[in-house]
Amino acid sequence: MTTTQSKGSTIKGILGVKLGMTQVFDKNNKVIPVTVVEAGPCVVTQVRTLEKDGYEAVQLAFGAIDPKKVTKPLSGQFAKAGVTPRRYIGEIRTASAANYTVGQEVKADTFAAGEVVDAQGVSLGKGTAGVMKRHNFRGFGDGHGVERKHRTSGSIGNRTTPGRVFRGKRMSGRMGLDTVTLQNLTIHSVDAEKNLILVKGSIPGRNGSKVVIRTASKSVASEVMKKAGA
């Protein structure tokens, strides 16, 4: 379960699946790369309140799944909400959680063309990678005298002082499969009938992976600052 933490009364969000990328033309016949997201219909399975849970949020569920593949705790939660089991669950923190009710459907038309959003997904897995690919290390030179270690990391610590490798040292290892959020993306268009949202640019994740689209946190923060200044 992914919990996206955002504050503000204007925050709204939806869960979806990344279908892939394509290109469309705008009114000036300019090619625009877009990511196609099948967003919703989602169902509200729980509403978090400040009195009971200590924070305000709305929990959404999306995607069909075989009930046999759902754990008993989640099955009980879905049964309590009166909805069929879903594949993905996520929370959207919002001060307007009281406007939602359990069992309510959230569809793609929650957003409109031109809105600025944040998109969250899990990045592609690259497997084990070296320091040049993983951390953009320059590597060793190609001049005479350099042994066959052009792509190695070099020294990672002295022998006596400190006598160990510091935690967080940039070294080779697993790359990718990280939760990544791209901010301030613009929605190109929304197809409410097909539950499709076209977002300008790319979104993290492979095709078929879960995506969370929510109101851009920076735009909400700027609105709060303006209201505070007024």
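Just above sits the structure.
Scoring rules and cut-offs
Residues numbered from 1 in each chain as written. Predicted model: local features only at pLDDT ≥ 70, side-chain atom pairs only at ≥ 80, totals over all residues. Heavy atoms only, no water. Helix = DSSP H or I, 4+ residues; strand = E, 2+ residues; numbered from the N terminus. Rg over C-alpha atoms; globule rule 2.2 N^0.38 Å. Areas by Shrake-Rupley, 256 points an atom, 1.4 Å probe, with all protein chains shown as cover. Lys, Arg positive; Asp, Glu negative; His and termini not counted. Charge placed at Lys NZ, Arg CZ, Asp CG, Glu CD. Buried < 20%, exposed > 50% of the residue type's maximum accessible area, 1.4 Å probe, protein only. Pairing = 2+ DSSP bridges. Core = buried A, V, L, I, M, F, W, Y, C linked by side-chain atoms within 4.5 Å. Contact = heavy atoms within 4.5 Å. Salt bridge = Lys/Arg side-chain N within 4 Å of Asp/Glu carboxyl O. Axes fitted to C-alpha atoms, helices over the stretch in contact; angles between N-to-C directions. 1 Å grid on protein atoms, 1.4 Å probe; cavity = no way out; pocket = protein on both sides within 12 Å on 5 of 7 lines; lining within 4 Å. Points joined across faces, edges and corners; volume = space filled by probe spheres on them. Phe/Tyr/Trp six-rings, centres within 6.5 Å; stacked < 30°, edge-to-face > 60°. Lys NZ or Arg CZ within 6 Å of the ring centre and 35° of its normal.

Caption draft 1: Region of interest: the overall build of the protein chain. Regarding its fold elements, the protein chain presents 4 helices and 13 strands. Against the compact-globule benchmark of 17 Å for 230 residues, the protein chain has a radius of gyration of 23 Å, which places it well outside the compact range. Summed over its atoms, the accessible surface of the protein chain is roughly 14,200 Å², and 51% of this surface lies on carbon and sulfur atoms. One way to put it: in the protein chain the 36 positive side-chain charges average out to a point 10 Å from where the 17 negative ones average out.

Caption draft 2: Region of the structure containing the pairing of strand 8 (residues 116-122). Summarising burial for strand 8: 5 of the 7 residues are buried, a large majority. As judged from the 6 bridges shared by strand 8 and strand 11 (residues 179-191), these two strands associate in the antiparallel manner. Paired with Gly121 across the bridge in strand 11 is Val180.

Caption draft 3: Up close: the nonpolar core. Membership of the largest hydrophobic core comes to 27 residues, with the highest contact counts inside it found for Ile14, Leu60, Ile197 and Ile213. Every element with two or more residues in this core is listed here: strand 2 (13-25), strand 3 (31-39), strand 4 (42-48), strand 5 (57-64), strand 8, strand 11, strand 12 (196-200) and strand 13 (210-215). When neighbours within four sequence positions are excluded, Ile213 is seen to be in contact with Lys12, Gly13, Ile14, Val37, Phe111, Val117, Asp118, Ile197 and Val199.

Caption draft 4: Quick look at the pattern of salt bridges. In total, this model carries 5 salt bridges according to the counting rule given. Here Glu115 and Lys12 are joined by a salt bridge, their closest N and O atoms 3.4 Å apart. On the criterion of sequence distance, the pair formed by Glu115 in the loop between strand 7 (105-106) and strand 8 and Lys12 in the loop between strand 1 (2-4) and strand 2 is long-range, its members being 103 residues apart. Residue class for Glu115 comes out partly exposed when judged on its relative accessible area of 23%. When its relative accessible area of 22% is taken as the criterion, Lys12 is described as partly exposed.

Caption draft 5: Just the sheet that holds strand 13, in detail. Taken in spatial order, the 6 strands close into a barrel running 2-3-12-11-8-13, and their pairing is antiparallel. Along the sheet, successive strands turn relative to each other by an average axial angle of 50°, direction set aside. By the bridge criterion, 9 bridges tie strand 2 to strand 3 in an arrangement that is antiparallel. Looking across to strand 3, one finds that Gly16 is bridged to Ala39.

Caption draft 6: The arrangement of the environment of Val34 in detail. Within the fold, Val34 resides in strand 3. Dropping the residues within four chain positions of it, Val34 is found in contact with Gly20, Met21, Thr22, Val24, His188, Leu198, Val199, Lys200 and Gly201.

Caption draft 7: Region of the structure containing the layout of surface pockets. Computed from the structure, the largest pocket encloses a volume of approximately 220 Å³. Residue lining of the largest pocket: Thr45, Gln46, Val47, Arg48, Lys52, Asp53, Gln77, Lys80, Ala81 and Val102, and that is the complete set. Looking at the lining of the largest pocket, the elements that each hand over two or more residues are strand 4, helix 1 (50-53) and helix 2 (72-81).

Caption draft 8: View of the packing of aromatic side chains. The final tally for this structure, using the stated rule, is 1 aromatic pair. On the numbers, 6.4 Å between centres and 15° between planes, the contact of Phe62 with Tyr88 is stacked. With a gap of 26 residues between them, Phe62 in strand 5 and Tyr88 in strand 6 (residues 86-93) connect regions that are remote in the sequence. Cation over ring: Arg93 sits above Tyr55, and NZ or CZ is 4.3 Å from the ring centre. Above the plane of the ring of Phe140 lies Lys149, whose end atom (NZ or CZ) is 6.0 Å from the centre.

Caption draft 9: Looking closely at unusual backbone geometry. Omega for the peptide link from Thr161 to Pro162 comes to 5°, which places this bond in the cis form. Positionally, Pro162 belongs in the loop between helix 3 (131-135) and strand 10 (173-175). Despite not being glycine, Asn29 shows a phi value in the positive range, around 60°. By relative accessible area, which is 64% here, Asn29 ends up exposed. Backbone geometry at Asn136 places phi at a positive 60°, although glycine is not the residue there. Residue placement: Asn136 occurs in the loop between helix 3 and strand 10.

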